[in-house]
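As a plain string of letters, each chain reads:
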Amino acid sequence: MVKTYRSYSQGQHRTVTAPVDSGFVLIGGGAWTSATNAGAFLTETRPDDNLTAWVGSSKDHILADSHHIYVQSFGLKIAGITRNELLSYVAVETATSELMAHPSAGATFGHDSEYQLLGGGAKVNWSGKGNLLTHSAPSGNGWGAASKDHYESSPATITAYAIGIKPEIAGFGRIVTSLSINHEFPVIGHTGSRSLATDIPDGWVMTCPGAYLTWLDAGRLLWRIETDGNTVWAGSDDHIAPDYGRLSVYAVRIQKKNF
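In this report, we go over the structure that sits alongside the text. These numbers were taken from a predicted model, which means no experiment stands behind them. (Residues numbered from 1 in each chain as written. Predicted model: local features only at pLDDT ≥ 70, side-chain atom pairs only at ≥ 80, totals over all residues. Heavy atoms only, no water.)

### Quick word on the nonpolar core
Formed by 55 residues in total, the largest nonpolar core has its most connected members in Val 71, Leu 86, Leu 133, Ile 158, Ile 165, Ile 169 and Leu 222. Ignoring anything within four residues of it in the chain, the contact list for Leu 133 reads Leu 42, Thr 45, Ala 122, Val 124, Ala 146, Ser 147, Ile 158, Leu 221 and Leu 222. (Core = buried A, V, L, I, M, F, W, Y, C linked by side-chain atoms within 4.5 Å. Buried < 20%, exposed > 50% of the residue type's maximum accessible area, 1.4 Å probe, protein only. Contact = heavy atoms within 4.5 Å.)

Written out as C-alpha cells, the structure reads:
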C-alpha cells in the first residue's frame with residue numbers, strides 16, 4: 001500500500017506525518033516539496049518509532065519560499081498473517097553522527113545478519129540556519145544518510161534508519177529483496193533543478209525509494225524522493241550559486257521466492 005499526504009497549508013518549514021492503514025506494517029516512504037521560487041529542501045524522510053507512519057520535513061534556506069510538502073508511506077500486509085505477527089519479523093536499526101557541518105551516518109544490519117534490507121530514511125537534527133539532506137539511500141545491508149550546511153555555518157547531526165525483515169515467514173514462505181538503481185551521468189555545467197527515475201521490474205513490489213547526490217563546489221540539495229509504486233523519482237537542485245554533480249536514485253524491491 002502506498003499513501004500520499006500533503007501539508008494542510010504552505011509555509012517556510014513544513015512537517016507531515018503519513019500513517020499507513022490499520023493492519024499494515026510501515027516499510028518505507030518518501031517526500032518532496034512543491035517550491036517553485038527560491039527553493040525548499042528535505043531535512044527529514046524517515047519511519048516513526050512504531051512503524052505506523054512516515055515522517056517528512058522540509059525548509060527553505062536563506063531565501064524565503066513558502067511551500068507544501070508531500071509525504072508518502074509504504075505499508076506491507078500479508079494475507080493470513082496479523083500485523084503483530086508480521087511485525088515480529090521486522091526490525092529497525094539507527095545510527096547518529098557527530099555534530100559537524102557535513103554529517104553522515106550509516107545504520108546497518110551487517111552482511112551476516114538474519115535481516116534483509118526493506119527500506120530506510122534519514123533525519124537531520126538541525127538548528128540555527130539549517131542543515132539540508134543530500135543522501136538517503138541503501139548502503140550494503142543498511143541505509144546511509146548525509147546532509148550539509150549551505151552558505152551559512154550551521155553544524156548538525158544526522159540519524160540514519162534501516163528497516164529489515166527476516167526472509168523466512170511462517171505460513172507464507174520466503175521473501176527475497178533486490179535493488180533498482182539509476183545513476184545520472186554528470187554533465188559539466190548542467191546546473192539547476194534536475195530529476196532522475198528508475199523503474200520496478202514486473203513481478204516485484206517496491207518497498208522504499210532513496211537518493212544520493214554529489215557536488216563539486218557550493219553544493220546541491222535534495223528536494224524530491226517520490227514514487228507511484230512502479231517508478232521512483234529523485235530530485236536535486238543547486239541553491240543561490242550554480243553547481244553541478246551526480247544524482248543517483250534507488251528503489252528497494254521484494255518478491256516471494258518460488259521454489
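From this point, the narrative continues.
### Focus on the environment of Val 124
Position of Val 124 relative to the elements: it lies in strand β9 (residues 116-125). The exposure class assigned to Val 124 is buried, which follows from its relative accessible area of 4%. The spacing of Val 124 and Thr 96 is 28 residues in sequence and 9.5 Å in space, taken between C-alpha atoms. Leaving out residues up to four positions away in the same chain, Val 124 has contacts with Thr 43, Asn 131, Leu 133, Ser 147, Ala 156, Thr 157 and Ile 158. (Helix = DSSP H or I, 4+ residues; strand = E, 2+ residues; numbered from the N terminus.)

### Quick look at the pattern of salt bridges
Scanning the model with the defined rule gives six salt bridges in all. Between Asp 21 and Lys 3 there is a salt bridge whose closest N-O contact spans 2.8 Å. Linking Asp 21 in the loop between β2 (13-19) and β3 (25-33) with Lys 3 in strand β1 (residues 2-6), this pair joins segments that are 18 residues apart in sequence. With a shortest N-O distance of 4.0 Å, Lys 166 and Glu 114 are connected by a salt bridge. One end of the pair, Lys 166, is in the loop between β12 (157-165) and β13 (168-169); the other, Glu 114, is in the loop between β8 (104-108) and β9, and 52 residues separate them in sequence. Assessed through its relative accessible area of 51%, Glu 114 is described here as exposed. (Salt bridge = Lys/Arg side-chain N within 4 Å of Asp/Glu carboxyl O.)

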